[in-house]
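Below, each chain spelled out in residue letters.
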Amino acid sequence: GGVLRATVHTGQSVSALTEYAFSFEVRNPSSAQAGGGVEINATGSVSVATAAMAAPYSAALGVGNGSNVMYVVEPVFEVASIGQSTPVAGATNNLTVTLQTNCELPSGSTVTISGLTGTQTPDNGNLTVWS
């Protein structure tokens, strides 16, 4: 497992001093992992010794080093807190939510806050939110 083998097509070659780039898709594991340790070599009529592949060490989706191959994080809320402006019955109460995730939530993501029971505000999804 964990191996990709690509064969140079009959009648073709990989030219010296020419940079090639290609992409392929894999599915990340369902839990976090450190990644790294990827190597490359070539065999055939010309063999190239195994060498470690370089990592870009740049962010992806707001995760530091997230572009390093097979470095996987489980998305979590690093901070998730809620407070209120007043405990007085019948008063208008401003709830303040503070959150921070360990990765970017892309456009179209939905954050759901549940358990807000016992208010006189209808469940209509049209609450005004301000910062």
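Procedures and definitions
Residues numbered from 1 in each chain as written. Predicted model: local features only at pLDDT ≥ 70, side-chain atom pairs only at ≥ 80, totals over all residues. Heavy atoms only, no water. Helix = DSSP H or I, 4+ residues; strand = E, 2+ residues; numbered from the N terminus. Rg over C-alpha atoms; globule rule 2.2 N^0.38 Å. Buried < 20%, exposed > 50% of the residue type's maximum accessible area, 1.4 Å probe, protein only. Contact = heavy atoms within 4.5 Å. Areas by Shrake-Rupley, 256 points an atom, 1.4 Å probe, with all protein chains shown as cover. Pairing = 2+ DSSP bridges.

Participant: Looking at this structure, I do not really get the overall build of the chain. What am I missing?
Facilitator: In terms of regular secondary structure, the chain is built from 0 helices and 4 strands. Each helix (α) and strand (β) of the chain, taken in turn from the N terminus, gives the series β-β-β-β. Taking 2.2 N^0.38 as the reference for a compact globule, 131 residues should give roughly 14 Å; the C-alpha atoms of the chain span a radius of gyration of 25 Å, well beyond that estimate. Over its C-alpha atoms, taken along the principal directions, the chain stretches across nearly 85 × 25 × 25 Å. Considering the chain as a whole, with its 131 residues, one finds that 4% of them fall into the buried category. The contacts of the chain with a sequence gap of at least 6 include a subset with a gap of at least 24, amounting to 35%. About 11,700 Å² of surface is accessible on the chain, with carbon and sulfur atoms providing 52% of the total.

Participant: So what exactly am I meant to see when it comes to the pairing of strand E2 (residues 48-52) here?
Facilitator: Residues in a regular strand point their side chains to alternate faces of the sheet. Across 3 bridges, the pairing between strand E1 (residues 39-42) and E2 is antiparallel. Along E2, the bridge assignment pairs Ile40 with Ala51. Count of turn residues in the E1/E2 antiparallel hairpin: 5 residues, of which Gly44 carries a positive phi of about 140°.

Participant: Help me understand the environment of Ser58, please; the structure alone is not making it clear to me.
Facilitator: Positionally, Ser58 belongs in the loop between E2 and strand E3 (77-84). Judged by relative accessible area, Ser58 falls into the partly exposed class, the value being 32%. Once the C-alpha coordinates of Ser58 and Asn68 are considered, the two residues, 10 residues apart in sequence, prove to be 7.3 Å apart. Ignoring any residue separated from it by four or fewer positions in sequence, one finds Ser58 in contact with Val63, Asn65, Gly66, Ser67 and Asn68.

Participant: Would you mind showing me how to read the side chain of Asn68 here?
Facilitator: Here Asn68 is to be found in the loop between E2 and E3. Exposure remark for Asn68: the relative accessible area of 12% places this residue in the buried category. Beyond its immediate chain neighbours, meaning those up to four positions away, Asn68 contacts Ala55, Pro56, Tyr57 and Ser58.

None of the figures reported here should be taken as evidence of function without further support.
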